[in-house]
Amino acid sequence: MSSDDAPLDSAFMALADPVRRSIIARLSRGPATVNELAEPFAITKQAVSKHIQVLEQAQLVTRTRDAQRRPVHLNPARLEALTAWIDQYRLVREGQFRGLDSVLQSRAAARGRQEKDPS
Amino acid sequence: MSNPLKLSVPEGVPFIDYEREFEFPVSDVFRAHKEPDLIVQWLGPRGYKMDIDHYDFRTGGSYSYLHTGPEGQPYEFKGIFHTVRENEFAIQTFEFGGYPDVVSLEFMTFEDLGNGRSRLKGHSVYPSLEARDGMAQSGMEGGMTEGYERLDELLSGAKV
């Protein structure tokens, strides 16, 4: 695996945790403070802060420095990089099966000609 | 118009599942998976040359082939056919030379839908989430090439 994959690896690691995935899901609806993000979980605010740090290191979220509230934002570009390979995988598979279609088509056509022409 | 590919890449488990229907009998689809001279016509990404070293689609058989990209770069693939049941089912291992020892298990179910139609179901199991995402990602290069070709065809008004 090339070093280009390192950011992708850390992003996938960050998303391997269900609490962090819930945080991402919540942030997809808009920015939120640590307090707001901690609310639905039966864990301490400190624990939630740690999860946010992991997401921050993986560049999945960003935090604005200026305001007192320091809301957490989603980084959509990073998420898109994660799903890009799935789209590419789909393209390759779809191409493959369209190729298989045409192989089957030409064989069926050849068979049809043979049936009509019993020489 | 080609049949849609149903693809599922679940979160948290290293699987890939897919489903695809064909307007052809299950025996034809199975045969296109079995005979090397048919395999070379569809298995590789478009624009890639496929050279089969051997392809023995039967229980206990094995395979090894080379995809050569448009710029001449070779990609080697190999594996073993663990179980092959005619017109029904196959299990094989799959290994890309670029990721040695990261071997996936591929389950394929061939289904007869009647009226000369059939369905292929695939279930791929990777050793880890990282392996699934890394390995599938390595198929991107071919995908990109193909994507541009399809765009060309689309723009020139040819049937895709």
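Residues numbered from 1 in each chain as written. Chains lettered and ligands numbered in written order. Predicted model: local features only at pLDDT ≥ 70, side-chain atom pairs only at ≥ 80, totals over all residues.

The secondary structure content of chain B amounts to four helices and eight strands. The buried share among the 160 residues of chain B stands at 22%. Partitioning the intrachain contacts of chain B with sequence separation of at least 6 by distance along the chain shows that 36% fall at a separation of at least 24. (Helix = DSSP H or I, 4+ residues; strand = E, 2+ residues; numbered from the N terminus. Buried ≥ 20, exposed ≤ 12 C-beta atoms within 10 Å, placed from the backbone. Contact = placed C-beta atoms within 7 Å.)

Counting residues at the interface gives 25 residues for chain A and 30 residues for chain B. If you list the elements that add at least two residues to the side of chain A that touches chain B, you get α1 (6-14) and α5 (76-116) of chain A. Class assignment for the residues of the side of chain A that touches chain B results in 13 nonpolar, four polar and eight charged. (Nonpolar A, V, L, I, M, F, W, Y, C, P; charged D, E, K, R; others polar.)

Okay, the sheet that holds strand β6 (residues 89-96) of chain B next. Residues and elements named next belong to chain B. Spatially, eight strands are ordered β1-β2-β8-β7-β6-β5-β4-β3 in an open sheet, and the strand pairing comes out antiparallel. The open sheet terminates on both sides in strands that have one partner only, identified here as β1 (5-8) and β3 (49-55). Here the average twist between neighbouring strands, direction ignored, is 20°. In this sheet, β6 lies alongside strand β5 (residues 74-85) in antiparallel orientation, the contact comprising six bridges. Bridging from a neighbouring strand, Val 84 pairs with Ala 90 of β6. Where helix α1 (residues 26-34) meets the sheet, its contacts fall on β2 (15-22), β7 (103-114) and β8 (117-125), and the angle it forms with β7 comes to roughly 155°. (Pairing = 2+ DSSP bridges. Axes fitted to C-alpha atoms, helices over the stretch in contact; angles between N-to-C directions.)

All right, on to helix α2 (residues 18-27) of chain A then. Residues and elements named next belong to chain A. When we look at burial in α2, the residues that qualify are Arg 20, Ile 23 and Leu 27. All buried residues of α2 project into a common sector of 55° when viewed along the axis, lining one side. In α2, the exposed positions that point more than 90 degrees away from the buried face belong to Pro 18 and Ala 25. (Arc of directions from axis to C-beta.)

Moving on: the confidence of the model for chain A. Looking at chain A as a whole, the pLDDT averages 81, with 87% of positions reaching at least 70. Per-element mean pLDDT across chain A ranges from 78 in α1 of chain A up to 91 in helix α4 (residues 45-57) of chain A. (pLDDT = per-residue confidence, 0-100.)

Turning our eyes to something else, we now look at unusual backbone geometry. Residues and elements named next belong to chain B. Despite not being glycine, Asp 101 has its phi angle at roughly 75°, a positive value. Structurally, the position occupied by Asp 101 is in the loop between β6 and β7. Among the residues examined, Asp 101 registers 7 C-beta atoms within 10 Å and is labelled exposed. In this model, Asn 115 sits at a positive phi of 50°, which is unusual for a non-glycine residue. Tracing the backbone through its elements, the reader meets Asn 115 in the loop between β7 and β8.

Okay, the nonpolar core next. Nonpolar side chains in soluble globular proteins tend to end up buried together. Core analysis: the largest hydrophobic core is formed by 17 residues, its most contacted members being Leu 100, Val 103 and Leu 104 of chain A together with Val 29, Ala 32, Trp 42 and Phe 110 of chain B. Breaking this core down by element, the ones donating at least two residues are α5 of chain A together with α1, α2 (36-42), β5 and β7 of chain B. In terms of residues, this core owes the most to one element, α1 of chain B, which gives four residues. Once residues lying within four places of it in the same chain are set aside, the contact partners of Phe 110 of chain B are Val 26, Val 29, Phe 30, Asn 87, Glu 88, Phe 89, Ser 118 and Leu 120 of chain B. In this structure, Ile 23, Leu 37, Val 72 and Leu 74 of chain A belong to the second largest nonpolar core, which totals 16 residues. (Core = buried A, V, L, I, M, F, W, Y, C linked by C-beta atoms within 7 Å.)

Time to look at the packing of α2 of chain A against α4 of chain A. Residue and element names in this part refer to chain A. Where α2 contacts α4, the axes come no closer than 10 Å and their chain directions differ by 75°. Compared by their axis directions, α2 and α4 come out roughly perpendicular. Here Val 19, Arg 20 and Ile 23 of α2 lie close against α4, whose contacting residues are His 51, Ile 52, Val 54 and Leu 55. Looking at side-chain class alone, the contact of α2 with α4 contains five nonpolar, one polar and one charged residues. (Parallel < 35°, antiparallel > 145°, perpendicular 65-115°, else oblique.)

Residue and element names in this part refer to chain B. For Asp 112, the position within the fold is in strand β7. Residue Asp 112 is classed as partly exposed on the basis of its 15 C-beta neighbours within 10 Å. Here Asp 112 is in contact with Val 26 and Ser 118, once residues within four sequence places are set aside.

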